[in-house]
Structures are given as structure tokens and as C-alpha cells.
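This is what each chain is made of:
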Amino acid sequence: MKDLAYNLNDIVELKKPHPCKEHSKLFQIVRLGADLKIKCLGCGNVLMISRDNFNYRLKRIVSKSNNSD
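This structure is a prediction, so every number in the text was calculated from the model and none was measured.

Reading the values: the criteria
- Residues numbered from 1 in each chain as written.
- Predicted model: local features only at pLDDT ≥ 70, side-chain atom pairs only at ≥ 80, totals over all residues.
- Heavy atoms only, no water.
- Phe/Tyr/Trp six-rings, centres within 6.5 Å; stacked < 30°, edge-to-face > 60°.
- Helix = DSSP H or I, 4+ residues; strand = E, 2+ residues; numbered from the N terminus.
- Buried < 20%, exposed > 50% of the residue type's maximum accessible area, 1.4 Å probe, protein only.
- Lys NZ or Arg CZ within 6 Å of the ring centre and 35° of its normal.
- Pairing = 2+ DSSP bridges.
- Axes fitted to C-alpha atoms, helices over the stretch in contact; angles between N-to-C directions.

## Some thoughts on the packing of aromatic side chains
Applying the stated rule across the entire model yields one aromatic pair. Plain terms: the ring middles of Y6 and F54 are 5.0 Å apart, the flat faces sit at 75 degrees to each other, and that makes the pair edge-to-face. Pair noted here: Y6 is in the segment before strand 1 (11–14) and F54 is in helix 1 (residues 51–57), with a separation of 48 residues, a long-range link. Here Y6 matches F54 in class, with each residue buried. Over the face of the ring belonging to Y56 we find K15, whose NZ or CZ atom lies 4.6 Å from the ring centre.

Shown next as C-alpha cells:
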């Protein structure tokens, strides 16, 4: 199993692109919980996705947030 140490405001890359005009694979984590809210960095659309589905679709963490929480 891969490392799943992601936090709020991290930039992550998913396996498949968002079906928007930019076809971006990069998303920012906006909310954590049983479900996650992620924001497409191409079009700015906010999506809600289950944690299991997110963990399956996660390819890599591009950048970590600078929060010291």
C-alpha cells in the first residue's frame, strides 16, 4: 500500500484528468473527512469524492502545504 499522508491544501495528481476544458490532473484538497472536497486547478470546479475512491485514484502528492497544524 502506498503512502497516503496528505493534508489540507496539498496539491495532488490523480490518475485520470478532470473532464473540463483544460483536462487537468492536478487538484487541491479543500476539505478532509469521510469524504474529501478537491478543487480542480484547471477550471476551479470543486468536487466531492469518497476517501476510498480518492485513495484509489491518487497518483502522487505534487506539493505539501506549509501548515504547521
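## Observations concerning the sheet that holds strand 1
Taken in spatial order, the five strands line up as 4-3-2-1-5 in an open sheet, and their pairing is antiparallel. Bordering the open sheet on either side are strand 4 (46–50) and strand 5 (58–63), each of which pairs with just one other strand. Neighbour to neighbour, the strand axes of the sheet diverge by 40 degrees on average, direction disregarded. Relative to strand 3 (residues 35–40), strand 2 (residues 26–31) runs antiparallel, the two being bridged by four bridges. In the strand pairing of strand 3, F27 is matched with C40.

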